[in-house]
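# A structural walkthrough
Listed here are the chains, written in short residue letters.
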Amino acid sequence: MTKGRVMRKFPQMGIKNLKYCSVFYEGQHDDARTNLAIAQTASIEGALMFNYMEIISISRDSEGEVNGVVVRDKIDQQVYKVNSKVLLCCGGPFADEIQRMKLSGLNSNAKESTLSDVSNTDASTNSVDMNTVNTDINTDTSITSAVPVPVPVPSNNKPQHIIDGAAGVHVVLPSYYAPKNIGLVDMSTSDGRFLFFLPWEGSVLVGTTDRKLDIIDMRPSPTENEIKWLLKEASKYLSPNLLIRRQDVLSAWCGIRPLVNNEFLLQSNTSNNSEDSHSKSKAKVSRDHVIHVDPQDTRIVYVLGGKWTTYREMAEDAVDKAISLGHIEDSELTRKSQTLERHLIGYEGFTTTLAIQLTQEYHIPSEVATSLVHRYGGRSRDILEIAIDMLEHVSNGSNGSTIGSNGSNGSNGNGHMNDHRLELVREGGAGVGRKLCRRIVPQLPYIEAEIVYAIRFEWAIHAEDIIARRTRIAYLNKAETMLCLNRIIELMALELDWNLDRQGMEYDQCVEFLRTFGGPVPIYNDLTQ
């Protein structure tokens, strides 16, 4: 773009030394919602999905062959053995930890008792669609309760360093720092990294840093130095009249990139045990995905590295590799990956005008309708039907938000409201529409009915699930998240019958989680200062 056009398109940008701007196009998504949609789609296709189920070891039979995993339900602390013919390890930055588990084998024959119905566990009762998902175990009893006993592992197996974790910090700023549909990228920051300055979920996202992690855990945190560095670098390209203040930081968080270790990649490619279909040069750390099979443990397939852009290709390569190992005999499971023929949940019922239809039918603000369609697709109506149920219960003097044990709504079967409910909304008009979409946070388009929906159909168990992985409230505004915690926990307590002790525990867990985020107040306990 010419200098003049940049002034019109991006008035916040400083143009004193600007000659022209190159323009490129990029995709954007809510990664938590995408991740959840993949899990929901897998469930509908027949996969048995669990939430808060932790792998504590990889098990072996008496001959030392890998035959499954031992898992612990983090809700009730029960331990189970899950049998497998081929184990796909998709551990992201925790691949090294999974490999260490592999080297301490367990005998799966020790003290087992059949778990006859998995649907009795907390994790699976919140199924995506209980009418279409089989929650019972197959007749070969693939899941059992177990007390593991160690067995010998071949001594020539040594742990390898697989993943180089890199911490990337992002900062969220108010929306007025960038136009709604265009951002900027600096391809040559002061330390040679890329910096993105983009509109995201109604705010502006600035990122990212690239700090090597010696210890990888589930709660990485940004440092004050990293937050200040991002603000300083972003300021270079903005108008001198537009000052980015430290107090403008709405939220800041740290993520981990699972980069495949270069030495591991070189060794694996030399012995033809790994496939990196994109990387031509092995001189740098690979940012592509790698499918790895240990020749001494051919029942384990590791999916390493990768990125969201190629997640379907990663899945296709992993499934095809697992099948090619020859351990799966069932003809139904020996077809090549079908991912390119599968739409994600929410595709059915979606149209490009769905947000307009919802605005007209339910009298809700277009911003809320657009947000729902963006995140739920064709299932947006289900959330609004729950909202109507919640409104009816309040109108009838009920304190609770629980609307029947089966989660049924007032749909007439074709995705539209039945006549009675439609008349209720039409008579109430915009007034009812505003009540239907009572927001969790006033400044954000998330509505309270999404909390109930997440519990029933998206495996939400803790309040942290809601603020971080069903909505993105914590990632968009730390301070506002703190203010809405009590209301979120209140709604979850009504739906899940929590007592006061459980509610207090949920609040404390969320506060502890939010300590790993930055916000308007500088991080004074940052030891890097």
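Details of the structure are given in the entry above.
Below: a short report on this structure. (Residues numbered from 1 in each chain as written. Predicted model: local features only at pLDDT ≥ 70, side-chain atom pairs only at ≥ 80, totals over all residues. Heavy atoms only, no water.)

### So, the pairing of strand β9 (residues 163-173)
Most of β9 sits inside the fold, with ten of its eleven residues counted as buried. Alignment of β9 against strand β14 (residues 251-260), held across ten bridges, turns out to be antiparallel. Bridged to valine 172 within β14 is serine 251. Sheet analysis places β9 next to strand β13 (residues 211-212), joined by two bridges and oriented antiparallel. In the strand pairing of β13, alanine 166 is matched with lysine 212. (Buried < 20%, exposed > 50% of the residue type's maximum accessible area, 1.4 Å probe, protein only. Helix = DSSP H or I, 4+ residues; strand = E, 2+ residues; numbered from the N terminus. Pairing = 2+ DSSP bridges.)

### Considering helix α13 (residues 463-470)
Of all eight residues in α13, seven are buried; the element is thus mostly enclosed. Restricting attention to buried positions, one finds in α13 the residues Ala463, Glu464, Asp465, Ile466, Ile467, Ala468 and Arg470. Packing partners of the buried residues in α13 comprise α2 (31-44), α12 (449-457), α14 (473-476), α15 (478-496) and α16 (500-514). (Contact = heavy atoms within 4.5 Å.)

### Focus on the packing of α13 against α15
Contact geometry of α13 with α15 gives a least axis separation of 9 Å together with a crossing angle of 125°. With respect to α15, the axis of α13 lies oblique. Relative to α15, α13 is oriented so that their crossing is right-handed. Side by side, α13 and α15 meet where Ala463, Ile466 and Ile467 of the first sit next to Thr481, Leu485, Ile488, Ile489 and Met492 of the second. Here the contact of α13 with α15 is composed, by residue class, of seven nonpolar, one polar and no charged. (Axes fitted to C-alpha atoms, helices over the stretch in contact; angles between N-to-C directions. Parallel < 35°, antiparallel > 145°, perpendicular 65-115°, else oblique. Left-handed = near helix turned anticlockwise from the far one by under 90°. Nonpolar A, V, L, I, M, F, W, Y, C, P; charged D, E, K, R; others polar.)

### So, the pattern of salt bridges
Counted according to the given criterion, the structure contains 26 salt bridges. Arginine 60 is the partner of aspartate 297 in a salt bridge, and the nearest nitrogen-oxygen pair spans 3.1 Å. One end of the pair, aspartate 297, is in strand β17 (residues 297-305); the other, arginine 60, is in strand β1 (residues 53-60), with 237 residues separating them in the sequence. Side by side, aspartate 297 and arginine 60 carry an identical accessibility label, which is buried. (Salt bridge = Lys/Arg side-chain N within 4 Å of Asp/Glu carboxyl O.)

### Side note on the nonpolar core
One finds Ile364, Ile467 and Ile488 to be the most contacted residues of the largest nonpolar core, which totals 58 residues. Mapped onto this core, the elements with two or more residues apiece are α8 (354-362), α9 (366-376), α10 (380-395), α12, α13, α14, α15 and α16. (Core = buried A, V, L, I, M, F, W, Y, C linked by side-chain atoms within 4.5 Å.)

### Digging into α15
Here α15 spans 25 Å end to end across 19 residues, near enough to the 27 Å set by a 1.5 Å rise per residue. Looking only at α15, the buried set comprises Glu480, Thr481, Cys484, Leu485, Ile488, Ile489, Leu491, Met492, Ala493 and Glu495. Two or three places before alanine 479, at the opening of α15, asparagine 477 has a side-chain oxygen 3.4 Å from that residue's backbone nitrogen. Aspartate 497 sits one or two residues past α15 and shows a positive phi near 60°. (Expected span 1.5 Å × (residues − 1). Polar contact = N/O pair within 3.5 Å; in protein donor to acceptor, adjacent residues only side chain to side chain.)

### Brief notes about the side chain of arginine 33
Tracing the sequence through the fold places arginine 33 in helix α2. Residue arginine 33 is classed as buried on the basis of its relative accessible area of 6%. Here arginine 470 takes part through its backbone oxygen, which lies 3.1 Å from a polar atom of the side chain of arginine 33. Not counting chain neighbours up to four residues away, the residues in contact with arginine 33 comprise Arg375, Tyr376, Glu458 and Arg470.

### Here we look at the side chain of aspartate 96
Its place among the elements puts aspartate 96 in helix α3 (residues 95-102). Arginine 100 is the oppositely charged side chain nearest to the buried, salt-bridge-free aspartate 96, at an N-O distance of 5.0 Å. The contact partners of aspartate 96, leaving out residues within four places of it in the chain, are Gln160, His161, Ile162 and Ile163. (Lys, Arg positive; Asp, Glu negative; His and termini not counted.)

### Here we look at the packing of aromatic side chains
Inspection of every chain in the model, using the stated rule, returns eight aromatic pairs. Geometrically, the ring pair formed by tyrosine 176 and tyrosine 177 is tilted, given 4.9 Å between the ring centres and 40° between the ring planes. Relative accessible area serves as the criterion here: at 45%, tyrosine 176 is assigned to the partly exposed category. Tyrosine 177 sits in the buried class, given a relative accessible area of 1%. Their ring planes at 90° and their centres at 5.6 Å tell us that tyrosine 376 and tyrosine 453 sit as a pair that is edge-to-face. Of this pair, tyrosine 376 sits in helix α9 while tyrosine 453 sits in helix α12; the two residues are 77 residues apart in sequence, bridging distant segments of the chain. Aromatic ring contacts, followed pair by pair, group Trp200, Trp253, Tyr475, Phe513 and Phe517 into a single cluster. The side chain of arginine 193 reaches across the aromatic face of tryptophan 229, ending 4.5 Å from its centre. Residue placement shows arginine 472 over the ring face of tyrosine 475; its charged tip is 4.5 Å from the ring centre. (Phe/Tyr/Trp six-rings, centres within 6.5 Å; stacked < 30°, edge-to-face > 60°. Lys NZ or Arg CZ within 6 Å of the ring centre and 35° of its normal.)

### Section: the environment of leucine 88
Tracing the backbone through its elements, the reader meets leucine 88 in strand β4 (residues 87-89). With a relative accessible area of 38%, leucine 88 lands in the partly exposed category. In the structure, leucine 88 is positioned 213 residues away from valine 301 in sequence and 4.9 Å away in space, judged by C-alpha atoms. Setting aside residues no more than four positions away along its own chain, leucine 88 makes contact with Val301, Ala318 and Ala322.

### Examining the environment of arginine 487
Mapped onto the secondary structure, arginine 487 falls in helix α15. Filtering out sequence-adjacent residues up to four positions away, arginine 487 remains in contact with Arg438 and Glu448.

### Overview of a nonpolar patch on the surface
Among the surface-exposed residues, Phe24, Met187 and Phe194 lie close enough to one another that they form a single nonpolar patch of about 320 Å² accessible area. Here methionine 187 shows up in the loop between β10 (184-186) and β11 (195-200). (Patch = residues over 30% accessible without salt bridge, like charges linked within 9 Å, V, L, I, M, F, W, Y side chains within 5 Å. Areas by Shrake-Rupley, 256 points an atom, 1.4 Å probe, with all protein chains shown as cover.)

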